[in-house]
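Each chain, written out:
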2 protein chains.
Amino acid sequence: MEEAWSDARLNTTRRGLLAGAAAGGAGALLPATAAAKRRKRHRKVDVVVVGGGFAGLTAARKLAAAGKEVCVLEARDRVGGRTLNHKVQKGVIAEVGGEYVGPTQDRVLALAKAVGVDIFPTYNDGDNVLLLNGALSRYPATPGLSPDPAFQDAILTSIGQFNAMAEDVPVDAPWKAPKAAEWDKTSLETWKQQNLSVTGSHALFDLACEALYGAEPREITLLYNLAYTATAGNEKTPGNFGLLVATPGGAQESRFVGGSQRIPQLVAKRLGSQVILKAPVRRIEQGHGRVTVHADGIVVEAREVIVAVPPVLAAQIKFAPKLPQAHLKLLKGITPGKLIKWEAVYDRPFWRDAGLSGQAVSEVGPANTTFDNTPPSGSPGILFGFVGGDQARKFAKLSRSARRKAVLDNFVSYYGAEAANPKASFEMDWTQEAWTKGCPVGHTGTNVLHRYGPQLRKPFGHVHWAGTEVATYWSGYMDGAVRSGEVAAGEVLKALRR
Amino acid sequence: MEEAWSDARLNTTRRGLLAGAAAGGAGALLPATAAAKRRKRHRKVDVVVVGGGFAGLTAARKLAAAGKEVCVLEARDRVGGRTLNHKVQKGVIAEVGGEYVGPTQDRVLALAKAVGVDIFPTYNDGDNVLLLNGALSRYPATPGLSPDPAFQDAILTSIGQFNAMAEDVPVDAPWKAPKAAEWDKTSLETWKQQNLSVTGSHALFDLACEALYGAEPREITLLYNLAYTATAGNEKTPGNFGLLVATPGGAQESRFVGGSQRIPQLVAKRLGSQVILKAPVRRIEQGHGRVTVHADGIVVEAREVIVAVPPVLAAQIKFAPKLPQAHLKLLKGITPGKLIKWEAVYDRPFWRDAGLSGQAVSEVGPANTTFDNTPPSGSPGILFGFVGGDQARKFAKLSRSARRKAVLDNFVSYYGAEAANPKASFEMDWTQEAWTKGCPVGHTGTNVLHRYGPQLRKPFGHVHWAGTEVATYWSGYMDGAVRSGEVAAGEVLKALRR
């Protein structure tokens, strides 16, 4: 497995990420074997939470605050789910998973505030770089639209069309949209072919999809995209596709001081021994008003359970009695995205000297989009490239050195020769993580949402569902995970009062 | 004088602002009279700094750090220049002067960090309101462009044209631009007439000018506007008109926790007795390698002087020997803007419930633009309207109750009936402040910049110049003030080594 690596100069880094990998991929097998050798622990609590990401920990936090005894069972040896702080050097981390936060994402912002994690603006000064139709150009990062007026129109018109259609999509039931059946038969590829004609707009649309969903337009239905658009808002603010792709004013506006993973780490710290690591859940049995959750090394009895893992992993848990077929089909139909983050560390963010923001949009992959991931102190300089969808599929087949060369070639073409020699680099391919299987979010193809969507939040006996895919706002984001955890905890508190 | 007031329910507030007024307008006369009755103090220092705003205090801070003895002479009974924290209620302030900060404004951000003042994002969720061509519409605050494609084009094209022309304008010498003579004969009004034709674009251009400069397009030359565009960047990032008008990603992106005035207050606190309040400078004499600065109540001898007050006030100081005619013409030719901030306090920011950002753009004045000025805690709700240029001229002639009615009518048309009854309100008209005379910045009309601009930063003997109007980046902003103070301090340190 090669989900992450560092070049020779940063061995501690390599150990750091490999440790993470062992707890992920390899952990799928090892702890089970080890557990078999010793007697399983037993616990009895009010609520078991499966998964120690943002969703599960938020639910546990809320339940604990309400005086309930909880037990969070986490497969890995760390909390944080799809967020991961990677140590770059003493006092410096870089996020190799989810990292951004923006306006209307008020639940994750409230959680961050509650545990004392501040935000700072994503670097957005100067010009972005655009490589399209064979030409490299610069355009101001604000307003962040392409320099070509025809292109501006195409982008803003598409955003406007998505927003207008999304108005008819209920955030909690996209399958009830008047045109749900039609939209769930239409792929985004078809929509693109029918609606975009400006030269280069197809390439731009593809790479936007790859960065946003870790998938190609052909893999996603229009309904899914509109549901995603509708949920890019909150109770007060209608969803807006523009927020998904915008840096300032949008979902990439800010970052968390010290890294996003600090939030779940701090929540878990307060929950103390109520969080159990290296305890992947294998089986959930229910009957006679009780639930028994079997994990490696531990069996926990509870009155209610919240499953707060990605759908693809929830589908791996054995349920007794069995999950309804429709629910299982839904879980299996939500495909995790393929999105690799490849990061390079330099002495300083040299591109800033040239008035460049570190944001690139390019028809040439594998790293079709990049961001400046430098810490708030301004040193060292860190750049990352997103490699998504088909690009990620091809990329994963290359050797480590070929991958490195391919991304650095991109970086050099965007930011000049100085980009060729980072002092360290590392990458994270979440599809290789047994306890995640893909990033940033699970998407759906033809007819999944329309046909099986109604199962999404339906409790199964004493089993409730959380996780960013279940959220009705900011699904696919940390904020959505937090919201889903809050909702599930509320549901469980109600069930416990019965 | 009525530069500020509160309604009857908030008398402490009223006293607060009236106190500020006394130290400003009334202070122009009173301390002089009082001073005549007592013997003047004398002091001898290395450097006198005239003015305790961001520029002067930054210069003093830098000089003190270099081991120099400084004396800041400030006319008012407070520091902070064009920033002012107005106490709304216990623990809550609202800024009635400059408040925003954004990307590339790295000097004021560094200063804020150094004294421990954090930033937070300006509220920008949901939709902005547009009242244009007789119709009220909503459009997403991100990307923040009008909903009409023809309009999008007009706005983006104008920004692009300004940016392209500004590339030929040296930030430290706009009068050296190849087309400086032509551009300084052309008013922005003429440019508007020749370049904008979309229905409503003239009204939009006018109100943008009013909010940005506190002036009408006819009062500003194209050269001045291009110089302003060129300076909207930093050493690494080319100037961009888009930054001037943008909220996220632009100059309105963030706000300072606790209010912008905290920064100068904290700097002044560290300088301690080196800052003298209520000491307006009347006369600066130089000769035999020494400078004598005469202020009300104090005479200070120094080796060098930094004048860090708005040009219009610098022009009031008597210099012996006299300032060169060209320099005096420049100082008198930089006209302070007319920009009134009218603010209303509500129990909560109710407009957010309707998915509104609190940002409005409207052809109907007096408050043609508004912003949500709610503190980071989210309570109370505060809205302010900008009343600028001709609108401000007319507004100032109305009675207090007519002004209140006029702005609240605007607020109601943008945000609904709930806006009609704020629990408190206050306004600030900086043109009525004797020690400011206008906001946000001084602009220039025909031929001033081209003819007298070269005087702008030219030291006059031992007298050096600072203040946001003197800055080569972010002139007109707190950041420019800080930069100008840093540059002037550097100049003085060099002079002292001679």
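Residues numbered from 1 in each chain as written. Chains lettered and ligands numbered in written order. Predicted model: local features only at pLDDT ≥ 70, side-chain atom pairs only at ≥ 80, totals over all residues.

**A look at helix 8 (residues 201-213) of chain B**
Residue and element names in this part refer to chain B.
Next up, step 1: Across its 13 residues, helix 8 extends 18 Å between first and last C-alpha, which sits within 8% of the 18 Å expected from 1.5 Å per residue.
Next up, step 2: When you tally the buried positions in helix 8, you get 10 out of 13 residues, the bulk of the element.
Next up, step 3: Leu204, Phe205, Asp206, Leu207, Ala208, Cys209, Glu210, Ala211, Leu212 and Tyr213 are the residues of helix 8 that are buried.
Next up, step 4: Immediately beyond the C-terminal end of helix 8, within one or two residues, lies Gly214, with a positive phi of roughly 65°. (Helix = DSSP H or I, 4+ residues; strand = E, 2+ residues; numbered from the N terminus. Expected span 1.5 Å × (residues − 1). Buried ≥ 20, exposed ≤ 12 C-beta atoms within 10 Å, placed from the backbone.)

**A look at the interface of chain B and chain A**
Next up, step 1: Taken together, the contacts link 34 residues of chain B with 33 residues of chain A.
Next up, step 2: Secondary structure elements with two or more residues in the side of chain B that touches chain A: helix 5 (149-166) and helix 10 (241-245) of chain B.
Next up, step 3: When residues in the side of chain B that touches chain A are grouped by element, the largest group, six residues, is from helix 5 of chain B. (Contact = placed C-beta atoms within 7 Å.)

**Examining helix 13 (residues 325-333) of chain B**
Next up, step 1: Those residues of helix 13 of chain B not exposed but buried are His327, Leu330, Leu331 and Gly333 of chain B. Angular distribution of buried residues about the axis of helix 13 of chain B spans 170°; they occupy a single face of the element. (Arc of directions from axis to C-beta.)

**Points about the sheet that holds strand 12 (residues 281-287) of chain A**
All names here are of chain A.
Next up, step 1: Spatial ordering of the open sheet is given by 1-14-13-12-16, a layout of five strands whose pairing is mixed. For this open sheet the edge positions go to strand 1 (41-44) and strand 16 (318-320), each flanked by a neighbour on one side alone. Neighbouring strand axes in the sheet, compared pairwise and without regard to direction, differ in orientation by 15° on average.
Next up, step 2: As paired strands, strand 13 (residues 290-295) and strand 14 (residues 298-302) are joined by five bridges and run antiparallel to one another. By the bridge assignment for strand 14, Val291 is matched with Ala302. (Pairing = 2+ DSSP bridges. Axes fitted to C-alpha atoms, helices over the stretch in contact; angles between N-to-C directions.)

**Topic: the relation of the copies chain B and chain A**
Next up, step 1: Turning chain B through 180° and shifting it by 0.0 Å along the axis lays it on chain A, with an RMSD of 0.0 Å. Such a combination of turn and shift is consistent with a two-fold rotation axis. When C-alpha positions in chain B are compared against the rotation axis, the closest is assigned to Pro248 of chain B, at 2.4 Å.
Next up, step 2: In this assembly, 97% of the residues forming the interface of chain B have copies in chain A that are likewise at the interface, indicating an isologous arrangement. (Least-squares fit on C-alpha atoms with pLDDT ≥ 70 in both.)

**Description of the sheet that holds strand 20 (residues 369-372) of chain A**
Residues and elements named next belong to chain A.
Next up, step 1: The strand order across the open sheet built from seven strands is 9-8-19-20-21-18-22, with neighbouring strands paired in mixed fashion. For this open sheet the edge positions go to strand 9 (135-140) and strand 22 (424-429), each flanked by a neighbour on one side alone. Between one strand and the next, the sheet's axes are offset by a mean angle of 20°, whatever the strand orientation.
Next up, step 2: Looking at chain direction, strand 20 and strand 21 (residues 381-388) are connected through four bridges and run antiparallel. In the sheet register, Phe371 faces strand 21, and the bridge partner there is Phe384.

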